[in-house]
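Overview (structure and organization)
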Amino acid sequence: QVQLVESGGGLLQAGGSLRLSCAASGRALSWYAMGWFRQAPGKEREFVAGISWNGGNTYYEDSVKGRFTISRDNAKNTVALQMNSVKPEDTAVYYCAADQFGSGRSKSLHEYESWGQGTQVTVSS
């Protein structure tokens, strides 16, 4: 099973940019479709973006389309989430997750077998 570690979170002002990274170990990331999820205080964890195993297909939750970009580098065993034009409502703990049998399209938490510990993103107005 792959192990995932997120990094890059922090505090920023609305309108700013941040790049989150997810590093994998234990198994080649190319075996997995990947997703980014987030969980705000008092809310359920939700899908943000997903990417197929080779990066050929990407998927986004409607509220982040045009602002966030998911990418991957299988040679480096990493996945990234570029966050631009952030808003206070983007404040959450962000998690990366791996799905060995999916396409990256799934929004269901249960489809993802491995999860990182999360990284906090806080956007001030």
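Note: the structure precedes this text.
Rules of the game
Here, residues in each chain are numbered from 1, in the same order as that chain's written sequence. Whole-chain, interface and lining totals are the exception, using all residues; otherwise, since this is a predicted model, local features are given only for residues with pLDDT of at least 70 and side-chain atom pairs are given and counted only at 80 or more. No hydrogens and no water enter the side-chain calculation; it runs on all heavy atoms of the structure. Secondary structure counts use DSSP, requiring at least four H or I residues in a row for a helix and at least two E residues in a row for a strand, with both numbered from the N terminus. Using a 1.4 Å probe on the protein chains alone, a residue whose accessible area is under 20% of its type maximum counts as buried, one over 50% counts as exposed, and one in between counts as partly exposed. We call two residues contacting when some pair of their heavy atoms lies within 4.5 Å. His is not counted here, nor are the chain ends, while Lys and Arg score as positive and Asp and Glu score as negative. Charge placement uses NZ in Lys and CZ in Arg. For Asp and Glu, CG and CD serve respectively. Here a polar contact is taken to be a pair of N or O atoms separated by no more than 3.5 Å, where protein atoms must pair a possible hydrogen donor with a possible acceptor and residues adjacent in sequence count only if both atoms sit in side chains. Whether two strands pair comes down to DSSP finding at least two bridges between them. For helices, the fitted axis covers only the stretch in contact; all axes are lines through C-alpha atoms, and the angles between them, taken along N-to-C directions, range from 0 to 180 degrees. Aromatic contacts are taken between Phe, Tyr and Trp rings whose centres are within 6.5 Å, Trp giving its six-membered ring; a plane angle under 30 degrees counts as stacked, one over 60 as edge-to-face, and the others as tilted. Either the NZ atom of lysine or the CZ atom of arginine qualifies as a charge over a ring when it sits within 6 Å of the ring centre and within 35 degrees of the ring normal.

As a further point, take the overall build of the protein. For the protein, the helix and strand inventory stands at zero helices and 11 strands. With the C-alpha coordinates of the protein rotated into their principal frame, the extents come out at 40 × 25 × 25 Å. Residues classed as buried in the protein amount to 42% of the 125 residues present. Sequence separation of 24 or more characterises 59% of the internal contacts of the protein that already satisfy a separation of 6 or more. Averaged over its 12 positive side-chain charges, the protein has a centre that lies 5 Å from the centre of its 11 negative ones.

Here Thr122 shows up in strand 11 (residues 119–124). If we ignore the near neighbours within four places in the chain, the residues touching Thr122 are Gly10, Leu11, Leu12 and Thr91. Here Gln120 takes part through its side chain, which lies 3.3 Å from a polar atom of the side chain of Thr122.

Let's shift gears to the sheet that holds strand 7 (residues 68–73). Sheet strands pair by backbone hydrogen bonding; their relative direction is either parallel or antiparallel. Pairing is antiparallel across the open sheet formed by four strands, whose spatial order is 1-3-8-7. Of all strands in the sheet, those with a lone pairing partner are strand 1 (3–7) and strand 7, marking the two edges. Strand-to-strand twist of the sheet, defined as the mean angle between neighbouring strand axes without regard to direction, takes the value 15 degrees. Pairing analysis gives six bridges linking strand 3 (residues 18–25) to strand 8 (residues 78–83), with the strands arranged antiparallel. Residue pairing across strands places Cys22 opposite Val79, the latter belonging to strand 8.

Right, let's get into the packing of aromatic side chains. Tallying each qualifying case throughout the model produces five aromatic pairs. Residues Phe37 and Phe47 carry aromatic rings whose centres are separated by 5.6 Å and whose planes lie at 80 degrees to one another, so their mutual orientation is edge-to-face. Highlighted residues: Phe37 in strand 4 (residues 33–39) and Phe47 in strand 5 (residues 46–51), separated in sequence by 10 residues. Geometrically, the ring pair formed by Phe37 and Trp115 is tilted, given 4.9 Å between the ring centres and 55 degrees between the ring planes. On the criterion of sequence distance, the pair formed by Phe37 in strand 4 and Trp115 in strand 10 (residues 114–115) is long-range, its members being 78 residues apart. According to the relative accessible area criterion, Trp115 is partly exposed, its value standing at 26%. Members of the aromatic cluster, each reached through a chain of ring pairs, are Phe37, Phe47, Tyr95, Tyr112 and Trp115. Here the basic side chain of Arg27 rests over the ring of Trp31, its NZ or CZ set 4.6 Å away from the ring centre. The ring centre of Tyr95 lies 3.6 Å from the NZ or CZ of Arg45, which sits over that ring.

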